[in-house]
Amino acid sequence: MPETVRPTAPSSGLRVFMLGATGTAGRATVRALVKAGHTVTCLVRSSTSIDDDGKHHSLDLPSGVVLRVGDVTDAESLRRDGFQGERFDALISCLASRTGAPADAWAIDHRAHVLALAAAKHAGVQHMVLLSAICVQKPLLAFQHAKLAFENELISSGLTWSIVRPTAFFKSLSGQVERVRRGKPFLLFGDGRLTACKPVSDDDLGDYLAGCLTDPARHDRLLPIGGPGNAITPREQGERLFELTGQTPRFRQVPIVLLDGIRAVLEQLGRFNPKCAEKAELARIGRYYATESMLVLDPETGRYDAAATPSTGTETLFDFYAELLDGSRSVERREHAVFRASHEP
Ligand SMILES: NC(=O)c1ccc[n+]([C@@H]2O[C@H](COP(=O)([O-])OP(=O)(O)OC[C@H]3O[C@@H](n4cnc5c(N)ncnc54)[C@H](OP(=O)(O)O)[C@@H]3O)[C@@H](O)[C@H]2O)c1
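Just so it is clear, the structure is predicted and the values come from calculations on it, not from any experiment.

### Examining the packing of aromatic side chains
The full count for this structure, using the stated rule, is eight aromatic pairs. Geometrically, the ring pair formed by Phe83 and Phe88 is edge-to-face, given 5.7 Å between the ring centres and 80° between the ring planes. A relative accessible area of 3% means that Phe83 is categorised as buried. Centroid distance Tyr288 to Tyr289: 5.1 Å. Interplanar angle 65°. Geometry classified as edge-to-face. Of the residues examined, Tyr289 reaches a relative accessible area of 3% and is grouped as buried. Linked through ring pairs, Phe17, Phe83 and Phe88 together constitute an aromatic cluster. A cation sits over an aromatic face here: Arg15 above Phe88, 4.4 Å from the ring centre. Its guanidinium or amino end placed over the ring of Tyr208, Arg218 lies 4.1 Å from that ring's centre, counting from NZ or CZ.

### Considering the confidence of the model for the protein chain
Summarising the model, the protein chain shows a mean pLDDT of 91, and 90% of its residues fall at 70 or more. The model gives residues 1-11 a pLDDT under 50, and that stretch makes 14 contacts with residues more than four places away or in other chains. In the model, residues 335-345 has pLDDT below 50 throughout and makes 36 contacts with residues more than four positions away in sequence or in other chains.

Rules used in this analysis
- Residues numbered from 1 in each chain as written.
- Predicted model: local features only at pLDDT ≥ 70, side-chain atom pairs only at ≥ 80, totals over all residues.
- Heavy atoms only, no water.
- Phe/Tyr/Trp six-rings, centres within 6.5 Å; stacked < 30°, edge-to-face > 60°.
- Buried < 20%, exposed > 50% of the residue type's maximum accessible area, 1.4 Å probe, protein only.
- Lys NZ or Arg CZ within 6 Å of the ring centre and 35° of its normal.
- pLDDT = per-residue confidence, 0-100.
- Contact = heavy atoms within 4.5 Å.

Right, here's the structure in full:
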């Protein structure tokens, strides 16, 4: 960890430059930043339609947030369209590949961040908060290596850094709510007890990310983080859904060897066909999440440790399920393909 002594940030009112503001975690983080009194400027891509007044009403971002259109994969666009020669105090990134495919992951999770970091330094940024993922502690997949490579560049950048590695988001654990409501069985990998996680809500994560700016205890730290309460297995998720819908639990088990078979076939086909190679990576991602917990990994024992996984916030997955079932909440369907592939057998 760098030993430089840095000035403590003021308690509010920072000028924050934001990447990935249109995503699930990004939108929640922008809301939290505005609530905390910061001034937020977001760089979004040109496919994001922005009204003439510079706002995007369907994104549900608070008023006062400035949206700028540019290309995070282009150094010149980051400077010209994004930072625009202005001074900023902090960079927060919730930017992430939407596919998890190797080329996209290296282009977005790694290279775009390298370019953004350089542009941010030029704009006077002193602190970068990066949304990463807890699974990078056991990197087996291309997107995890891409994230880790940038984490390391940020750590050695000379800036103050906060790298937030959350466990699973609610949206990634809600794919079977509708099928259970329709009376179908809950699908499980293995017996549904192979893995566990401490789900964290969008708003609790957004508050945590925004809080990194002003909490010195979160400076120059790798920050694994989950939501409140005990770790939850997929089987427990199913049991609660049946309870909430007043049904007798019904599970269908998907054997892990089936995933291995699909992956092996796609890997062979992928030697000749790039589309199959991409699907093979998605199969590897699915297998990873079917067998690895989203909890802190004890490097000594190689075991996942729920007690060692810190918690933040107050919102629980099971309350969220109840709200999905009574129609008061909904899940964004355009979710991160990596985790859609992983948590929904
Ligand atoms: N889902 C989980 O359970 C989970 C758990 C732990 C950690 N995480 C991590 O959390 C991070 C964010 O997740 P999320 O669900 O909030 O992601 P998300 O909803 O998919 O949002 C991704 C953001 O990145 C932007 N983006 C992607 N490709 C881009 C490109 N080529 N050019 C410009 N912008 C681009 C998206 O912009 P557009 O809206 O324009 O596409 C969006 O703003 C990821 O790193 C993920 O690994 C997720």
